[in-house]
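# Fold and geometry: a report
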Amino acid sequence: MSRNDTSRNDRSKNEASKNEGFKNNRTQLPERAGQGKPEGKQRRKPDLRIRRTCERLGSALLTLILERQFDEVTVQDVLDRASVGRSTFYLHYRDKDDLLLSQLEGLLETMSTALSIRKEESQRVVPVEELFAHIGNQNKLYRALADSGRLHDFFDLAQGYFARGIEQRLRESKRLSNLHGSNPRLSRLPQRELGARASALAGSMLSLLRWWLDRGEKESPRAMDELFHRMVWSGLQ
């Protein structure tokens, strides 16, 4: 896509096109950051600059959508707030939807893989307490996404990330292995069924998140973590 095409898309008033672009337009940042760069010390410095630039852009966008409707925010607003040039922005993102998506993906990637990466020895399959606490602290952002019509896209994206993360944790789980005596069939779960179970659990967790937020976060994130994991393991008996 050329820069002119990008500018026209950014100015477009067609909401359907915006939403479609939010779902489908994804720039592969790790590939771009590494393209043509030598290994070793010479590569680390530009990567660090790129990361900081992307962080500034992301922070600027998230701040702006707390101040006004997402559709009222322009790429130029983001550039002015982040003190980043237009050419630099389009080197990494197609439009403001792509930038927003990258911020959401960063959160989902971190949360969905956290337990496996740190090799947590627990019965948890999702860091529900940490996720709920983080989103609860960003309640205004959650409402801003809802008001802009992007919340549904966020949950669609989250479903895939958490389904993969839960499936990985179930494979790693010692508790699932210990259930073999009471239900030997669990030791022979086919790939397709394990994936289906993980997808169902991810959907349940996200439904629980909606329920918790819509009720005003009355329960603590830790209590919600315990509730979810009771549901997980009772369903796998």
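Residues numbered from 1 in each chain as written. Predicted model: local features only at pLDDT ≥ 70, side-chain atom pairs only at ≥ 80, totals over all residues. Heavy atoms only, no water.

### So, the packing of aromatic side chains
We count it as follows: Each Phe, Tyr or Trp ring (for Trp, its six-membered ring) is paired with any other whose centre lies within 6.5 Å, and the angle between the two planes then decides the class: stacked below 30 degrees, edge-to-face above 60, tilted in between. Think of it in three bands: with a 1.4 Å probe and only protein chains considered, a residue is buried below 20% of the maximum accessible area for its type, exposed above 50%, and partly exposed in between. Here, a charge over a ring means that NZ of Lys or CZ of Arg falls within 6 Å of the ring centre while also lying within 35 degrees of the ring normal.
Throughout the structure, instances matching the rule amount to 4 aromatic pairs. Note on Phe89 and Tyr93: the rings are 5.7 Å apart at their centroids and 45° apart in plane angle, and the pair reads as tilted. With relative accessibility at 0%, the residue Phe89 sits in the buried group. The exposure class of Tyr93 is buried, given its relative accessible area of 2%. Geometrically, the ring pair formed by Phe154 and Phe155 is edge-to-face, given 5.4 Å between the ring centres and 75° between the ring planes. Side by side, Phe154 and Phe155 carry an identical accessibility label, which is buried. A network of ring pairs unites the aromatic residues Phe89, Tyr90 and Tyr93 as a single cluster. Positioned above the aromatic ring of Tyr161, the side-chain terminus of Arg164 is 5.1 Å from the ring centre. Taking the ring centre of Phe155 as reference, the NZ or CZ of Arg210 above it sits at 3.9 Å.

### A closer look at the nonpolar core
Condition: Definition of nonpolar core: a set of buried residues of the types Ala, Val, Leu, Ile, Met, Phe, Trp, Tyr and Cys, connected through side-chain atoms within 4.5 Å. Runs of H or I in DSSP of at least four residues are treated as helices and runs of E of at least two as strands, each being numbered from the N terminus. Every residue pair with non-hydrogen atoms within 4.5 Å of one another is taken to be in contact.
Of all hydrophobic cores here, the largest spans 55 residues; its most connected members are Leu57, Phe132, Phe162 and Met205. Top element by residues in this core is helix H12 (residues 191-214). It accounts for 10 residues. Here Phe162 is in contact with Leu108, Met111, Ser112, Val126, Leu131, Ala202, Met205 and Leu206, once residues within four sequence places are set aside.

### Observations regarding helix H7 (residues 96-117)
Operational definition: Take the number of residues in a helix, subtract one, and multiply by 1.5 Å to get its expected span. The bend at a residue is defined as the angle formed between two axes, one fitted to the seven residues ending at that residue and one fitted to the seven starting there. By the criterion applied in these results, polar contacts are pairs of N or O atoms within 3.5 Å in which, for protein atoms, one can donate a hydrogen and the other can accept it, and in which residues neighboring in sequence qualify only through two side-chain atoms.
With 22 residues, H7 ought to run about 32 Å at 1.5 Å a step, and its terminal C-alpha atoms sit 30 Å apart, in line with that. A bend of about 25° at Met111 is the largest found in H7. Burial of H7 is extensive: 16 of the 22 residues sit out of reach of the surface. The residue sitting at the N-terminus of H7 and contributing the capping side-chain oxygen is Asp95; that oxygen lies 3.2 Å from the backbone nitrogen of Asp97. Looking one or two residues beyond H7, the residue adopting positive phi is Lys119, at roughly 55°.

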